[in-house]
Amino acid sequence: MSTGSRNTWEAWARSVPPLACVSTREPCPDPMATATRLARSGLAGQYVVYEADGGVWHFAAGSDVSVTADTGGITARAAGRTWTSQTDGRPLAAFAGALSALRDEDDEGSRGAENAGGRHFYGWAAFELAHLLHADPASAGDRPLLHAMVPSVEVTLGGDSTVVRAVDEAWARKVADLLAEPAAGQSSARDEPVREGTEGIIAAGSAAYGRAVARTVGDIRAGLLEKAVVSRKVPLPAERRPDFPATYLAGRRANTPARSYLLDLGGYRAAGFSPETVLEVGDDGRVSTQPLAGTRALGADRAENERRRAELLSDPKEIHEHAVSVRLAWDEMAAVCSPGSVVVEEYMAVRPRGSVQHLASRVTGRLRPDAGPWDAFASLFPAITATGVSKRTALETLARHEDGPRGLYGGAVFRGSTGGALDAALVLRTLIGTGDEAWLRAGAGVTAQSSPEREIEETCEKLRSVAPYLRFSAD
């Protein structure tokens with residue numbers, strides 16, 4: 001980063017107020033519902049709910065402090081001011097550089113022991129960032145590729161306590177008042193799946209998708225690549241406006257995700273139940289990724305689920321798809337980790353994820369001393385299970401065979417800290433909205449053994465993790 005850019009971000013970081021007011025309360029009996037209620041409160045212009053590992057929910061809100069990057073430029077906002085700089089076609093490096101200035105402010109010791117580990121930020125990365133990192137930069141488009149918010153208030157809802165951090169007493173009181181309100185009774189009927197109309201929604205575009213799968217199989221058999229994760233977009237009816245918080249609450253009660261999130265941030269709205277993480281980086285430099293590839297339906301019949309599980313573990317196409325994903329994840333981890341530190345801690349386990357079950361593995365390592373969390377993100381993003389093998393040729397294939405840009409789908413929603421931690425969820429099984437448009441999207445891993453009929457059915461199986469839990473506004 002140039003000296004001029006560093007001076008720009010240092011000035012921005014000095015304008016970011018610390019979370020000076022910290023209080024601890026009794027734990028909430030239903031942290032998921034409490035986080036959703038905070039999101040619905042209209043506390044600030046932008047918010048994120050992020051479910052981390054271990055059943056901890058984070059709610060963050062604010063509209064004053066943000067960083068947004070696209071192919072050409074980066075914009076940061078704080079205290080009513082705006083700072084801009086060029087990215088020179090490297091938006092992720094510029095984005096990481098801006099956020100690193102916050103770390104420098106933390107290092108001055110002004111934040112207090114209660115914020116050990118640094119200040120947190122929340123954001124998203126669009127799938128098209130992948131074209132700049134691994135393929136054709138011209139395919140990245142001109143829309144924002146990265147966005148992060150540094151919250152004015154953050155609430156951590158854990159099993160032992162509820163912790164509120166705010167920039168001042170006014171924000172702290174607003175949250176305290178909301179937490180003190182009696183929780184509305186949760187109607188179990190409101191959370192039940194809605195079957196009527198669901199199959200019609202998820203079937204939209206399946207014929208065109210089958211043709212895209214067939215063309216991709218042809219590319220693979222011609223030797224252009226090994227695997228591509230081809231997806232299809234399912235637009236929701238324009239006359240019905242989704243209720244994102246209600247969809248999130250109903251869907252999360254029925255799903256078993258690795259991470260979940262609810263957000264209105266940087267132009268996107270989303271309610272999602274991510275089956276896997278793109279990466280997890282700890283303050284100590286330990287990094288891991290969790291590729292899931294290979295799918296069968298998961299329903300209420302235990303015997304049928306066991307039959308499908310056995311079928312999944314013995315299906316040559318699914319095993320091959322999973323093995324090549326793990327192989328590439330290993331290579332991408334090795335590029336940023338210390339020699340000899342990369343290991344496969346779990347291989348080809350079966351994990352339930354809502355309406356489906358997946359083959360799952362975990363690859364871990366230790367970051368090199370000269371590498372940071374965003375170096376790992378650059379190597380691993382987007383998840384191999386959302387692109388294909390090789391990643392470059394898969395991205396080129398998807399650009400040819402998919403209808404339009406993916407945007408948030410296949411990208412990441414993340415929570416990070418200036419202390420070096422970064423937790424990024426893969427955006428799948430998600431209701432997405434921008435402007436007046438809302439949609440679902442699902443994909444399937446296509447290999448030489450794929451058939452259009454089976455891959456269409458796999459996308460339907462995945463869409464059933466979200467579609468029955470769609471809730472719409474009454475107005």
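See above for the structure.
Described in the following lines is the structure provided in the data block. (Residues numbered from 1 in each chain as written. Predicted model: local features only at pLDDT ≥ 70, side-chain atom pairs only at ≥ 80, totals over all residues. Heavy atoms only, no water.)

### Concerning the packing of aromatic side chains
Spelled out, the test is: Aromatic contacts are taken between Phe, Tyr and Trp rings whose centres are within 6.5 Å, Trp giving its six-membered ring; a plane angle under 30 degrees counts as stacked, one over 60 as edge-to-face, and the others as tilted. Helix numbers and strand numbers start at the N terminus; a helix is a DSSP run of H or I with at least 4 residues, a strand a run of E with at least 2. Each residue's exposure class comes from its accessible area (1.4 Å probe, protein chains only) as a fraction of the maximum for that residue type: buried when under 20%, exposed when over 50%, partly exposed otherwise. Geometrically, a charge over a ring is one whose NZ (Lys) or CZ (Arg) sits within 6 Å of the ring centre while staying within 35 degrees of the ring normal.
Summed over all chains, the structure comprises nine aromatic pairs. Note on F95 and W374: the rings are 5.6 Å apart at their centroids and 85° apart in plane angle, and the pair reads as edge-to-face. Here F95 is found in helix 3 (residues 91–107), whereas its partner W374 is found in helix 12 (residues 373–380), with 279 residues between them in sequence. The exposure classification of F95 matches that of W374, with both residues buried. Here the aromatic rings of W374 and F414 are separated by 5.5 Å at their centres, their planes lie at 85°, and the arrangement is edge-to-face. Of the two residues, W374 is situated in helix 12 and F414 in strand 20 (residues 412–417); the sequence distance between them amounts to 40 residues. The residue whose ring lies beneath R232 is Y209, and the NZ or CZ to ring-centre distance is 5.9 Å. Over the ring of F472 we find R240; its NZ or CZ atom is 3.9 Å from the centre of that ring.

### Section: the side chain of S15
The condition is simple: Side-chain atoms alone can form a polar contact between residues adjacent in sequence; in general such a contact is a pair of N or O atoms within 3.5 Å, and within protein one must be able to donate a hydrogen while the other accepts it. The contact rule is simple, with two residues in contact once any of their heavy atoms fall within 4.5 Å.
Mapped onto the elements of the fold, S15 is located in the loop between helix 1 (3–14) and strand 1 (21–25). A polar contact of 3.2 Å, which involves the side chain of S15, links it to the backbone oxygen of A11. Contacts of S15, omitting those with residues within four sequence positions, involve A78, A79, R81 and W83.

### Considering the pairing of strand 18 (residues 356–366)
Note the cut-off: Here, any two strands with at least 2 DSSP bridges between them count as paired.
In terms of burial, strand 18 is a largely internal element, ten of the eleven residues being buried. When strand 17 (residues 343–353) meets strand 18, the two strands line up antiparallel, connected through eight bridges. Paired with P352 across the strands is Q357, a residue of strand 18. Taking the residues that link successive antiparallel strands as the turn, the strand 17-strand 18 hairpin has two residues, and the phi of G354 there is positive, at about 70°.

### Here's the deal with the environment of S63
If you trace the backbone, S63 turns up in the loop between strand 3 (56–62) and strand 4 (66–69). Judged by its relative accessible area of 45%, S63 falls in the partly exposed class. Expressed as a C-alpha distance, the spacing of S63 and R77, which sit 14 residues apart in the sequence, is 9.2 Å. Those residues in contact with S63 that lie beyond four places of it in its chain are G45 and Q46.

### Some points on the nonpolar core
The criterion, for reference: Side-chain atoms within 4.5 Å are what join buried Ala, Val, Leu, Ile, Met, Phe, Trp, Tyr and Cys residues into a set we call a nonpolar core.
Ranked by size, the top nonpolar core spans 73 residues in total, and within it W12, F95, L279, W374 and F377 carry the most contacts. Per element, the largest residue contribution to this core is eight residues, and it comes from helix 3. Those residues in contact with F377 that lie beyond four places of it in its chain are L92, A125, L129, L279, A412, L422 and A424. Residues A166, I202, L463 and V466 belong to the second largest nonpolar core, which totals 45 residues.

### Describing the sheet that holds strand 13 (residues 268–274)
The criterion, for reference: Angles here are taken between N-to-C directions and fall from 0 to 180 degrees, while the axes themselves are lines fitted to C-alpha atoms, restricted in helices to the stretch in contact.
Spatially, the eleven strands line up as an open sheet ordered 1-10-9-3-2-12-13-22-23-11-19, and their pairing is antiparallel. Sheet topology places strand 1 and strand 19 (388–389) at the edges, where each strand pairs with a single neighbour. As paired strands, strand 13 and strand 22 (residues 430–434) are joined by four bridges and run antiparallel to one another. Considered in strand 22, the bridge of A270 is made with I432. Along the sheet, helix 8 (residues 206–221) makes contact with strand 11 (227–235) and strand 23 (437–446), crossing strand 11 at roughly 165°.

### Looking at unusual backbone geometry
Across the chain, the bulk of peptide bonds are trans and the bulk of non-glycine residues have phi less than zero. Residue F381 is joined to P382 through a cis peptide bond whose omega torsion reads -15°. Summarising the element assignment, P382 is placed in the loop between helix 12 and strand 19. Phi is positive for R429, close to 50°, though the residue is something other than glycine. Assignment of secondary structure puts R429 in the loop between strand 21 (422–426) and strand 22. Classification of R429 by relative accessible area gives buried; the value is 7%.

### Some words on the packing of helix 8 against helix 13 (residues 391–401)
Counted only if it meets this: We call a crossing left-handed when the near helix sits turned anticlockwise from the far one by less than a right angle, and right-handed when that turn is clockwise. Classification convention: Asp, Glu, Lys, Arg as charged; Ala, Val, Leu, Ile, Met, Phe, Trp, Tyr, Cys, Pro as nonpolar; all other residues, Gly among them, as polar.
Taken N-terminus to C-terminus, the directions of helix 8 and helix 13 make an angle of 145°; their axes are 10 Å apart at the nearest point. Between helix 8 and helix 13 lies a crossing whose hand is right-handed. Along the contact surface, helix 8 presents A212, R215, T216 and D219, while helix 13 presents T397, R400 and H401. Looking at the contact of helix 8 with helix 13 residue by residue, the class counts come to one nonpolar, three polar and three charged.

### Remarks on a nonpolar patch on the surface
Inclusion rule: Patches draw on residues past 30% relative accessible area with no salt bridge. Two like charges within 9 Å are joined, as are two nonpolar side chains (Val, Leu, Ile, Met, Phe, Trp, Tyr) within 5 Å. Surface exposure here means Shrake-Rupley accessible area, sampled with a 1.4 Å probe, where a residue is shielded only by the protein chains that are shown. For this document, the term salt bridge refers to a Lys or Arg side-chain nitrogen within 4 Å of an Asp or Glu carboxyl oxygen.
On the surface, a cluster of nonpolar side chains totalling about 280 Å² of accessible area is made up of W330, V344 and Y347. Examined against the element boundaries, V344 turns out to sit in strand 17.

### Overview of helix 13
Rules: Directions drawn from the helix axis to the C-beta atoms are what define this arc.
Taken residue by residue, helix 13 has K391, A394, L395, T397, L398 and H401 as its buried positions. For helix 13, the angular spread of the buried residues around the axis is 160°, confining them to a single face.

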